[in-house]
Amino acid sequence: MRSILQMLAQRVTEAMARLGAAGDPQLRPAQDEKFGDYQCNAAMGIAKKLGRSPREVAAELVKHLDVADLCEPPEIAGPGFINFRL
């Protein structure tokens, strides 16, 4: 059985593919619980490759994420972090 972290990482990877980006979803446990349970930093690297702002890329990723069965709706924080709360 796969962990929540593995399932979220797969869903983020799928959302990245919809934007034409591949690579590590950079999904990690959040360092501070006020930001949720997990944090995704992938928008930073993708934005650089696509020549767009990280926050814009984070919004596109969230739009393409299908995680309703795993967590609350993802939240964008700061310059483009995506936070997940179980």
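Values in this document were obtained by computation on a predicted structure and should not be read as measured data.

**A closer look at the nonpolar core**
Then, in step 1: Counting residues in hydrophobic clusters, the biggest one holds 23 residues, and the most contacted among them are Leu8, Leu27, Cys40, Ile46, Val57, Leu61 and Phe84.
Then, in step 2: When residues of this core are traced back to their parent elements, those giving at least two are helix H1 (4-18), strand S2 (38-40), helix H2 (42-50), helix H3 (54-64) and strand S4 (81-84).
Then, in step 3: Considering each element in turn, this core owes the most residues, 5 residues, to H1.

**Side note on the environment of aspartate 24**
Then, in step 1: Mapped onto the elements of the fold, aspartate 24 is located in the loop between H1 and strand S1 (27-29).
Then, in step 2: Considered as a pair, aspartate 24 and valine 12 are 12 residues apart in the sequence and their alpha carbons are 9.2 Å apart.
Then, in step 3: If we skip the residues at most four places from it in the chain, aspartate 24 touches Met16 and Ala42.
Then, in step 4: A distance of 2.8 Å separates a polar atom in the side chain of aspartate 24 from the backbone nitrogen of glutamine 26.
Then, in step 5: Looking at aspartate 24, its side chain comes within polar contact range of the side chain of arginine 28, at 3.3 Å.

What counts and how
- Sequence order as written defines residue numbering, which begins from 1 separately in each chain.
- In view of the model being predicted, local features appear only for residues whose pLDDT reaches at least 70, and side-chain atom pairs are presented and counted only at 80 or more, with totals across whole chains, interfaces and linings using the full set of residues.
- Only hydrogens and water are set aside when side-chain values are computed; all heavy atoms of the structure are taken into account.
- Put simply, a nonpolar core is a bunch of buried Ala, Val, Leu, Ile, Met, Phe, Trp, Tyr and Cys residues held in one set by side-chain atoms that sit within 4.5 Å of each other.
- When accessible area is computed with a 1.4 Å probe and restricted to protein chains, residues below 20% of their type maximum are described as buried, those above 50% as exposed, and intermediate ones as partly exposed.
- A run of H or I in DSSP becomes a helix once it reaches four residues, and a run of E becomes a strand once it reaches two; helices and strands are each numbered from the N terminus.
- Whether two residues are in contact is decided by their heavy atoms, any of which lying within 4.5 Å being enough.
- Whenever a nitrogen or oxygen atom comes within 3.5 Å of another N or O atom, the pair is scored as a polar contact, on the condition that within protein one atom can donate a hydrogen and the other can accept it, and that pairs from neighbouring residues in sequence are kept only if both atoms are in side chains.

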